[in-house]
Amino acid sequence: MYKVGTGLTCADLVLSIALDAMAARDHALSHQHQTKKVPLFPFLSLLCFISVFFVLSLIRKTSIPSQSPQSIQFQSIDGETTSNQFHKAEASDQPGIPTGSCDYSDGTWIYDPSAGSARYDNTCKEIFKGWNCISGDKSNARDLIKWRWKPTQCELPPFDPISFLRTYRDTSIGFIGDSLNRNMFVSLFCSLKSVSSEVKKWRPVGADRGFTFLRYNLTVAYHRTNLLARYGRWSANANGSVLEALGYKEGYRVDVDIPEGTWANAPSFHDILIFNTGHWWWAPSKFDPVKSPMLFFENGQPVIPPVSPDAGLDMVLKHMVKYVAKNMRPGAIKFFRTQSPRHFEGGDWDQGGTCPRLKPLSAEQVEELFSLQNNGTNVETRLVNQHLFKALKRSNFHILDISHLSEFRADAHPSTAGGKKHDDCMHWCLPGITDTWNDLFVKQLNNIKLRT
């Protein structure tokens, strides 16, 4: 109890005041002729309660944290980002992420040696031979599933394939992008196939691969496209044009406003879409800036002056976002997956680069490998993401951010087990990390469905 100057407690004062009031009532008439005295207890009582109120106010201020506008986290668009530092922005600026959502890209890989078996194994026939690290005898292939991603502020449980099939009955899902999206597509298919074997091969128009789970009428398909936009070989002709006048003799024509035919019909067919692009935009072995440069066209005419691949990527993303919005099915859900990191060390894929690590990287090693300031072999990951975030800002695409959690996993590529003449440090072993991508995809998808 708080004490006042007389040595009495506040409780004593309150009791005394009550007794005084009763006495005053009983003897009011007999004391009307007496001179009134100023009582001490009411004064001390007032002082006591003022003191108590002041102390309680101080306690309240120190116990309630300051409230700030809810924010989400994502990688910086305009500058360098570290592996554990993310630029904060208002939730309304980040496409597809609701206020108060968990930042699944911030976390830690935890090794659990007692972890059970994978949700599927190396017998799933859809696994591309070069990604089947168990069959390829990669030394740590069976250890890959024992690493679990633990977000800092929430949980990311493995998705339940049976529950997924039941929840998304009569649904069509389309993966649209390069071979890294096929990597993710195969992971999802094999997970579902492990619990539902009644499957029929069926490809929607333009799809490279496709399957329907008959009992649930759920279709999963993969539409291959390297740049999203239509492109093909270009050569100078005798008639000449502005490009010939500028000295161009050959290259690749990229129509920034025309989707590649492999997926042009996909938005009007699928209920759920997962896009990606990026790896082919930084591929000098394919699009040599001198011998076979990208030449961008818009509205059927060459873009003059010619622009660099990164500027061309911005143009393609702008047009493709509009195209999907215009042609998508009513109520369809659209994701754009961020860039999948490569882990070449000692050189690029055609320069003797390797990925020999058997455990995830530390945070310091991640920065050394991916920092934009270092401008290393694998810098494309964060470069591409800058363009993606800029293009998707204020769109209604949901961003599936798998980049940072994947940057740690230098151990999860096929490496020499892929059977290629060079180490495969770009694609991922299956079973492997793309299973975690699908855990995140299903988690975000379920959250979206709950809000609709």
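Residues numbered from 1 in each chain as written. Predicted model: local features only at pLDDT ≥ 70, side-chain atom pairs only at ≥ 80, totals over all residues. Heavy atoms only, no water.

### Some points on helix 4 (residues 179–193)
Every α-helix carries 3.6 residues per turn, so stepping three or four residues along brings you back to the same face.
Here's step 1: With 15 residues, helix 4 extends 20 Å between its outermost C-alpha atoms, agreeing within 8% with the 21 Å of an ideal straight helix rising 1.5 Å per residue.
Here's step 2: Of all the 15 residues making up helix 4, 13 are buried; the element is thus mostly covered by neighbouring parts of the structure. (Helix = DSSP H or I, 4+ residues; strand = E, 2+ residues; numbered from the N terminus. Expected span 1.5 Å × (residues − 1). Buried < 20%, exposed > 50% of the residue type's maximum accessible area, 1.4 Å probe, protein only.)

### Thoughts on the layout of surface pockets
Here's step 1: Estimates place the volume of the largest pocket at around 640 Å³.
Here's step 2: Around the largest pocket, the lining comprises 28 residues; the ones closest to its centre are Trp-282, Ala-283, Ser-285, Arg-342 and Trp-349.
Here's step 3: Tallied by class, residues from the lining of the largest pocket come to 10 nonpolar, nine polar and nine charged. (1 Å grid on protein atoms, 1.4 Å probe; cavity = no way out; pocket = protein on both sides within 12 Å on 5 of 7 lines; lining within 4 Å. Points joined across faces, edges and corners; volume = space filled by probe spheres on them. Nonpolar A, V, L, I, M, F, W, Y, C, P; charged D, E, K, R; others polar.)

### Comments concerning the environment of Ser-197
Here's step 1: Counting through the fold element by element, Ser-197 comes out in the loop between helix 4 and strand 6 (199–201).
Here's step 2: Judged by relative accessible area, Ser-197 falls into the exposed class, the value being 59%.
Here's step 3: Between the C-alpha atom of Ser-197 and that of Leu-214, which follows or precedes it by 17 residues, the distance is 8.9 Å.

### Looking at the state of the cysteines
By definition, a disulfide links the sulfur atoms of two cysteines through a covalent bond.
Here's step 1: Counted by the stated rule, this structure contains four disulfides.
Here's step 2: One disulfide bridge connects Cys-102 with Cys-154, the sulfur atoms lying 1.9 Å from each other. Handedness here is read from the sign of the S-S torsion; for Cys-102 and Cys-154, about -65°, the answer is left-handed. In this pair, Cys-102 is assigned in the loop between strand 2 (87–90) and strand 3 (107–111) and Cys-154 in the loop between strand 4 (147–151) and helix 3 (161–167), connecting sequence segments 52 residues apart.
Here's step 3: On the basis of relative accessible area, Cys-154 is assigned to the buried category, the value being 16%.
Here's step 4: Across a sulfur-sulfur distance of 2.2 Å, Cys-355 and Cys-425 are joined as a disulfide pair. The sign of the -90° torsion about the S-S bond sets the Cys-355-Cys-425 disulfide as left-handed. Highlighted residues: Cys-355 in the loop between strand 14 (333–337) and helix 7 (363–370) and Cys-425 in the loop between helix 9 (403–407) and helix 10 (433–451), separated in sequence by 70 residues. Exposure class is identical for Cys-355 and Cys-425. Each is buried. (Disulfide = S-S within 2.5 Å.)

### Some points on the confidence of the model for the protein
Here's step 1: Residues with a pLDDT of 70 or more make up 78% of the protein, whose mean pLDDT is 82.
Here's step 2: Of the regions scoring below 50 in pLDDT, residues 1–99 engages in 102 contacts with residues more than four places distant in sequence or in other chains. (pLDDT = per-residue confidence, 0-100. Contact = heavy atoms within 4.5 Å.)

### Here we look at unusual backbone geometry
Here's step 1: In this model, Ile-304 is joined to Pro-305 through a cis peptide bond whose omega is -5°.
Here's step 2: Within the fold, Pro-305 resides in the loop between strand 13 (301–302) and helix 6 (309–327).
Here's step 3: A cis amide bond links Leu-430 to the next residue, Pro-431, at an omega of -5°.
Here's step 4: Non-glycine residue Asn-217 carries a positive phi angle of around 50°.
Here's step 5: By the secondary structure assignment, Asn-217 is in the loop between strand 7 (209–213) and strand 8 (218–224).
Here's step 6: Of note, Asn-375 is a non-glycine position whose phi angle comes to about 50°, a positive value.
Here's step 7: As for its position among the elements, Asn-375 is in the loop between helix 7 and helix 8 (380–392).

### Overview of a nonpolar patch on the surface
Here's step 1: Taken together, the side chains of Val-242, Leu-246 and Ile-304 define a hydrophobic patch exposed on the protein surface, amounting to about 240 Å² of accessible area.
Here's step 2: Tracing the backbone shows Leu-246 in the loop between helix 5 (242–245) and strand 10 (250–259). (Patch = residues over 30% accessible without salt bridge, like charges linked within 9 Å, V, L, I, M, F, W, Y side chains within 5 Å. Areas by Shrake-Rupley, 256 points an atom, 1.4 Å probe, with all protein chains shown as cover. Salt bridge = Lys/Arg side-chain N within 4 Å of Asp/Glu carboxyl O.)

### Here we look at the nonpolar core
Here's step 1: Phe-164, Phe-175, Leu-192, Leu-218, Phe-335 and Phe-441 are the most contacted members of the largest nonpolar core, which has 60 residues in total.
Here's step 2: The element that contributes the greatest number of residues to this core is helix 4, accounting for eight residues.
Here's step 3: Setting aside chain neighbours within four positions, we find Phe-441 in contact with Met-184, Leu-188, Ile-272, Ile-274, Phe-335 and Leu-400.
Here's step 4: Counting 32 residues, the second largest nonpolar core, distinct from the first, contains Val-256, Leu-273, Met-294 and Val-324. (Core = buried A, V, L, I, M, F, W, Y, C linked by side-chain atoms within 4.5 Å.)

### Quick notes on the side chain of Ser-292
Here's step 1: Along the polypeptide, Ser-292 turns up in the loop between strand 11 (272–275) and strand 12 (294–298).
Here's step 2: Reaching out from Ser-292, the side chain makes a polar contact with the backbone oxygen of Lys-286 at a distance of 3.1 Å.
Here's step 3: Setting aside residues no more than four positions away along its own chain, Ser-292 makes contact with Arg-233, Glu-250, Gly-251, Tyr-252, Lys-286 and Phe-287. (Polar contact = N/O pair within 3.5 Å; in protein donor to acceptor, adjacent residues only side chain to side chain.)

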